[in-house]
Amino acid sequence: MSDLMSLLSLGSAALSAANNGVAVATNNAANANTVGYSRQTVSFESNLLGGVTTGATGRDASNLLQTRIRASTGSLANSSQTQASISDLEDTLTSGTGLDSQLSTLFSKISQASASPTDSSLRDGVVAATRDLVLGINNRAAQIASARKDADARVYDNVPQASQLAQQLADANAIVAKSGDPAAMDHREQIAKQLTSLVGGTARIDPDGNMRFVLDGGSVLVDGLHAAKMQTAPDPTTGYLTAQVVDGGVTRDVSSQLGGSIGADITFRDTTAKKTADQLDQLAYDTATAFNTQHAANAALDGTTGNLMFVAPTAVSGAAAALTIDPTLDSNSNKLALASAGGLPGDNTGGLALFALATTKNAVGGTKTLTDAALAVVGDLGSTGAVAKSDMDRDQLVSDHLDGLRDSLSGVDTQEELTNLARFQNASSAVTKFVSTINDMLTNLIDKL
Amino acid sequence: MRVTDHRIVDISAAATQRNQSAVADVTQQLSSGLRVSKPSDDPAAWIAAQREKVRAALNDGTSEAIQVGSERLTQTDGVLSTLAGIVSQARELAVEGSNDTQSATSRSDIGAQLSSLFDAAVAAANTTDPNGEYLLAGSKSLTQPFDSTTGVYSGDSATRGVNTDTTSTQIATTAGSNLTATNGVDVLPLLKTLATAMNANDPVTVRAALGDLDTAVKQISQVRGQTGAHMAVLDSAKAAHTALATQIQTAISDNVEIDAVSAASQLAKASQALTVSQAVTSHVLQLLNPAK
């Protein structure tokens, strides 16, 4: 009698184990499309005295692989954002007539006017081309400034988000420590990925099971259950935002330590777009200086010298935005100086000297012609954009490869889960039959007593 | 390696996406005709093409300048041709008037004709271009160079160059100083002197002027020759510009434009790959359908 009862207990435990298996398989199938979900497993252990029990639900995941995936996520977010920002600016700067074209048009008009220096329509053509060039440089300066402001606005939006994610990561550490729930670990992993995507950095699992998050420069963002706060603050020198980590009353500027998309925006704003802005300023300064120097030495139609084509820039910095056509020339094309000093109206040697600026290396410290310098403004940006695209493609390949590896280890295969489900279901049916048989035996026994 | 059904779907979907993207890229290139539409597509090719466009713009500018210079020289040649005709006619009249058989009255009639020729010569020598510049005035191009009464030249000997390319210039004007004593004789005052002598019935002065008239004829011929040489140089530069424009267009095309045959072949390949990947995706989805 007691043996039959223990057999019933054994059957009950086996039924419970099979049900656990069904539950895990069902849960896996249910989460087949859940982003970041790691396949769960159930382990069966035989008891010394017979029967079976299930161990804790397992999670198929690799910390090493997750670490590589997080790093890849940060790199991909960084290169993607860099590529997008550069591509947008490049599209803007190359739309319409290029600066190199506007400059060459100006030279072309000067050449034409030089052939007939008293022709008012040709002189007007030179003034119009000068006006177009000024407008082109002004517009591009505004477009670059706008792109830098857009990047700054994204920093403003994303830094608080990173701060929230850091806090969520610390909270997730607490939940994992308390429950050890595989789903909580997956959730924590997803938060870490999002945080890495924003700020780069490294997350690792400490021996105590907590995830520690450190920025590339060494600043700790999350340590166990504690998260530092991230915030932005305006840089008084540039006027743009810096990213800061505030922890224990200490505030550190971490702008240069950030990777991910925020790091990409900061680099674009402070390095890539700034270089383009600086090149444009230099071009505007060099153009105005070169033309003014020659033009002032020439004689206008009224015989006067010292006339300018552009309002003389006071400094390289900001020269592009401030570039202006000389108001006297703007209103009177007779002030266009195409004769040499002391020359008569029919003299065009001053105009020929102006045209010669097309092939003279007057830009970037005498290393480039003005048109080559104009080409470099967009050309250098394009080269950086091509590298960024190449980086993004490489990061995407790495990311895809790691996703494949993760899926191989942690992904849910619905066919496999259906098979498992059938297996556990069959086991459950068999055990049910077994319990039913024992129950019948017990009933017979009791009836015969 | 364990491959989940999820992964198979991802792989086939990604392949379809990549192939769609390839088809879109080639279609875009075919519709725009451009392989490189912005610097990052191919920085070196883009910069090379833009440099060629700059050359083209400068070439256009100098072509216009050459055209202006060429037209000016053609007009100048016409003026010189007119002057040559006038001086030849004047010489014939001078020979006729120098004959001792001529009376004071007949010389006066010849003198009237010579005065008319002088006026015509002054008018021709003071011809302006369509912009109102005096062709033969040198750099004093807004001031009438030959005095209407005396024929004395008040312009200068300056010539005007035009750009034939970015580094060279060629002379595109002829100064009236070539028709003065610095180059032979003062042609127009000579005509005036002749007319005056003829009207004054002064055959001695008329005879003395015959030699100067011969010099004037040669002088004008020589100036025409110089003008013609300048025209020839500009014509040659014009031809070089036309050739350069073609060369520039070829260079631009080589750098940034598509090869239609190659692009069409790429489109066919990309389309084929897309069709295959779509079929594979469809097959995979059917295979993995749990409802089967």
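Computed from a predicted model, the values in this text were never measured in an experiment. (Residues numbered from 1 in each chain as written. Chains lettered and ligands numbered in written order. Predicted model: local features only at pLDDT ≥ 70, side-chain atom pairs only at ≥ 80, totals over all residues.)

1. Structural notes on the overall build of chain B
Turning to step 1, where the next piece is worked out: Within chain B one finds six helices and two strands.
Turning to step 2, where the next piece is worked out: In chain B, the order of α-helices and β-strands from amino to carboxyl end is α-α-α-β-β-α-α-α.
Turning to step 3, where the next piece is worked out: Referenced to the eigenvectors of the C-alpha coordinate spread, the extents of chain B come out at roughly 130 × 25 × 25 Å.
Turning to step 4, where the next piece is worked out: Residues classed as buried in chain B amount to 38% of the 292 residues present.
Turning to step 5, where the next piece is worked out: At a minimum sequence separation of 6, the contacts of chain B that also span at least 24 residues come to 73%. (Helix = DSSP H or I, 4+ residues; strand = E, 2+ residues; numbered from the N terminus. Buried ≥ 20, exposed ≤ 12 C-beta atoms within 10 Å, placed from the backbone. Contact = placed C-beta atoms within 7 Å.)

2. Side note on the pairing of strand β7 (residues 220-223) of chain A
Residue and element names in this part refer to chain A.
Turning to step 1, where the next piece is worked out: When strand β6 (residues 211-214) meets β7, the two strands line up antiparallel, connected through two bridges. Bridge assignment links valine 214 to a residue of β7, and that residue is valine 220.
Turning to step 2, where the next piece is worked out: Examined bridge by bridge, β7 and strand β8 (residues 226-227) share two bridges and lie antiparallel to one another. Bridge pairing in β8 places aspartate 223 opposite histidine 226.
Turning to step 3, where the next piece is worked out: Two successive antiparallel strands, β7 and β8, enclose a turn made up of two residues, where glycine 224 displays a positive phi of approximately 65°. (Pairing = 2+ DSSP bridges.)

3. Description of the interface of chain A and chain B
Turning to step 1, where the next piece is worked out: If you look at the interface, chain A gives 49 residues, while chain B gives 44 residues.
Turning to step 2, where the next piece is worked out: Of all elements in the fold, only α2 (63-94), α3 (99-115), α9 (349-356), α10 (370-410) and α11 (414-448) of chain A reach the threshold of two or more residues within the side of chain A that touches chain B.
Turning to step 3, where the next piece is worked out: In terms of residue count, α10(A) provides more of the side of chain A that touches chain B than any other element does, 13 residues in total.
Turning to step 4, where the next piece is worked out: Of the residues belonging to the side of chain A that touches chain B, the class tally is 14 nonpolar, 26 polar and nine charged. (Nonpolar A, V, L, I, M, F, W, Y, C, P; charged D, E, K, R; others polar.)

4. Concerning the domain arrangement of chain B
Buried accessible area, meaning the area lost when the parts come together, often serves as the stated size of an interface.
Turning to step 1, where the next piece is worked out: Assigned domains within chain B: domain 1 (1-33 + 260-292) and domain 2 (61-241).
Turning to step 2, where the next piece is worked out: The gap between the C-alpha centroids of domain 1 of chain B and domain 2 of chain B is 79 Å. (Domains from an automatic or database assignment.)

5. Concerning the sheet that holds strand β11 (residues 250-253) of chain A
Residue and element names in this part refer to chain A.
Turning to step 1, where the next piece is worked out: Overall, antiparallel pairing links the three strands, which are arranged β9-β10-β11 in an open sheet. The two strands at the open ends of the sheet, each matched to only one other strand, are β9 (229-234) and β11. Pairwise comparison of adjacent strand axes, ignoring direction, gives a mean angle of 35° for this sheet.
Turning to step 2, where the next piece is worked out: Inspection of the sheet shows strand β10 (residues 241-247) paired to β11 by four bridges, in the antiparallel sense. Within the sheet, the bridge partner assigned to glutamine 244 lies in β11 and is aspartate 253.
Turning to step 3, where the next piece is worked out: Most of the contacts of helix α4 (residues 120-179) go to β9, to which it runs at about 160°, and overall it touches β9 and β10. (Axes fitted to C-alpha atoms, helices over the stretch in contact; angles between N-to-C directions.)

6. A word on the domain arrangement of chain A
All names here are of chain A.
Turning to step 1, where the next piece is worked out: If you check the domain split of chain A, you get domain 1 (2-60 + 411-448) and domain 2 (67-397).
Turning to step 2, where the next piece is worked out: Taken over C-alpha atoms, the centre of domain 1 sits 64 Å from the centre of domain 2.
Turning to step 3, where the next piece is worked out: Every contact between the two is made by six residues of domain 1 and, on the other side, five residues of domain 2.
Turning to step 4, where the next piece is worked out: Class assignment for the residues of the side of domain 1 that touches domain 2 results in one nonpolar, four polar and one charged.

7. Observations regarding helix α5 (residues 203-256) of chain B
Turning to step 1, where the next piece is worked out: Between its first and last C-alpha, α5(B) extends 78 Å over 54 residues, near the 80 Å set by a 1.5 Å rise per residue.
Turning to step 2, where the next piece is worked out: In α5(B), a bend of some 30° at Leu210(B) exceeds every other bend along the element. (Expected span 1.5 Å × (residues − 1). Bend = angle between axes of the 7 residues up to and from the residue.)

8. Comments concerning the sheet that holds strand β5 (residues 202-205) of chain A
Paired through backbone hydrogen bonds, the strands of a sheet run either parallel or antiparallel to each other.
All names here are of chain A.
Turning to step 1, where the next piece is worked out: Ordered by their spatial adjacency, four strands build an open sheet running β5-β6-β7-β8, and the pairing between neighbours is antiparallel. Of all strands in the sheet, those bounded by a partner on one side alone are β5 and β8.
Turning to step 2, where the next piece is worked out: Alignment of β5 against β6, held across four bridges, turns out to be antiparallel. Following the sheet pairing, alanine 203 is matched in β6 by phenylalanine 213.
Turning to step 3, where the next piece is worked out: This element, helix α5 (residues 182-199), spans β5 and β6 of the sheet and lies at about 0° to β6.

9. Focus: the nonpolar core
Among soluble globular proteins, nonpolar side chains are generally buried collectively.
Turning to step 1, where the next piece is worked out: If you look at the biggest cluster of nonpolar residues, it comprises 102 residues, and the most contacted ones within it are Ala166(A), Leu169(A) and Leu195(A).
Turning to step 2, where the next piece is worked out: Top contributing element to this core by residue count: α4(A), with 20 residues.
Turning to step 3, where the next piece is worked out: Discounting chain neighbours no more than four positions away, the residues touching Ala166(A) are Leu195(A), Phe213(A), Leu221(A), Val222(A), Ala227(A), Ala228(A) and Met230(A).
Turning to step 4, where the next piece is worked out: Leu83(B), Leu190(B), Ala197(B) and Leu213(B) belong to the second largest nonpolar core, which has 37 residues in total. (Core = buried A, V, L, I, M, F, W, Y, C linked by C-beta atoms within 7 Å.)

10. Description of the packing of α2(A) against α5(A)
All names here are of chain A.
Turning to step 1, where the next piece is worked out: Close contact between α2 and α5 brings their axes to 7 Å; oriented N to C, the two are set at 30°. When you trace α2 past α5, the crossing you get is right-handed. Taken together, the residues of α5 that come into contact with α2 (itself represented by Gln66, Arg70, Thr73, Gly74 and Ala77) are Glu189, Ala192, Lys193, Thr196 and Ser197. (Left-handed = near helix turned anticlockwise from the far one by under 90°.)

11. Focus on unusual backbone geometry
Glycine aside, residues mostly have negative phi, and peptide bonds are mostly found in the trans state.
Residue and element names in this part refer to chain A.
Turning to step 1, where the next piece is worked out: Even without a glycine there, the phi angle at valine 364 is positive, about 50°.
Turning to step 2, where the next piece is worked out: For valine 364, the location among the structural elements is in the loop between α9 and α10.
Turning to step 3, where the next piece is worked out: The class for valine 364 is partly exposed, based on 16 C-beta atoms found within 10 Å.

12. Comments concerning the confidence of the model for chain B
Turning to step 1, where the next piece is worked out: Per-residue pLDDT for chain B has a mean of 93; in total, 99% of the residues score no lower than 70.
Turning to step 2, where the next piece is worked out: As scored by the predictor, the complex reaches a pTM of 0.88 and an ipTM of 0.88. (pLDDT = per-residue confidence, 0-100.)

13. Re the packing of α3(A) against α4(A)
Residues and elements named next belong to chain A.
Turning to step 1, where the next piece is worked out: Between α3 and α4, the shortest axis-to-axis distance is 9 Å and the interhelical angle comes to 165°. Considering the angle they form, α3 stands roughly antiparallel to α4. For the pair α3 and α4, the crossing hand works out as left-handed. In this structure, α3 contributes Leu99, Gln102, Leu103, Thr105, Leu106, Lys109, Ile110, Gln112 and Ala113 to the contact, and α4 contributes Leu122, Arg123, Gly125, Val126, Ala129, Thr130, Asp132, Leu133, Gly136, Ile137 and Arg140.
Turning to step 2, where the next piece is worked out: Among the residues making up the contact of α3 with α4, the classes are represented as ten nonpolar, six polar and four charged. (Parallel < 35°, antiparallel > 145°, perpendicular 65-115°, else oblique.)

14. A look at the environment of Pro182(A)
Residues and elements named next belong to chain A.
Turning to step 1, where the next piece is worked out: The residue proline 182 is located in helix α5 in this model.
Turning to step 2, where the next piece is worked out: Put simply, proline 182 and arginine 59 are 123 residues apart on the chain and 6.0 Å apart in space, counted from C-alpha to C-alpha.
Turning to step 3, where the next piece is worked out: Residues within four places of proline 182 in sequence aside, it is in contact with Ser38, Gln40, Thr57 and Arg59.

15. Concerning the environment of Gly136(A)
Residue and element names in this part refer to chain A.
Turning to step 1, where the next piece is worked out: As for its placement among the helices and strands, glycine 136 is situated in helix α4.
Turning to step 2, where the next piece is worked out: Separated by 76 residues in sequence, glycine 136 and arginine 212 have C-alpha atoms that sit 50 Å apart.
Turning to step 3, where the next piece is worked out: Residue contacts for glycine 136: discarding those within four places in its chain leaves Thr97, Leu99 and Gln102.

16. Quick word on the environment of Gln113(B)
Turning to step 1, where the next piece is worked out: Along the chain, Gln113(B) turns up in helix α3 (residues 104-125).
Turning to step 2, where the next piece is worked out: On the neighbour-count criterion, Gln113(B) (16 C-beta atoms within 10 Å) is partly exposed.

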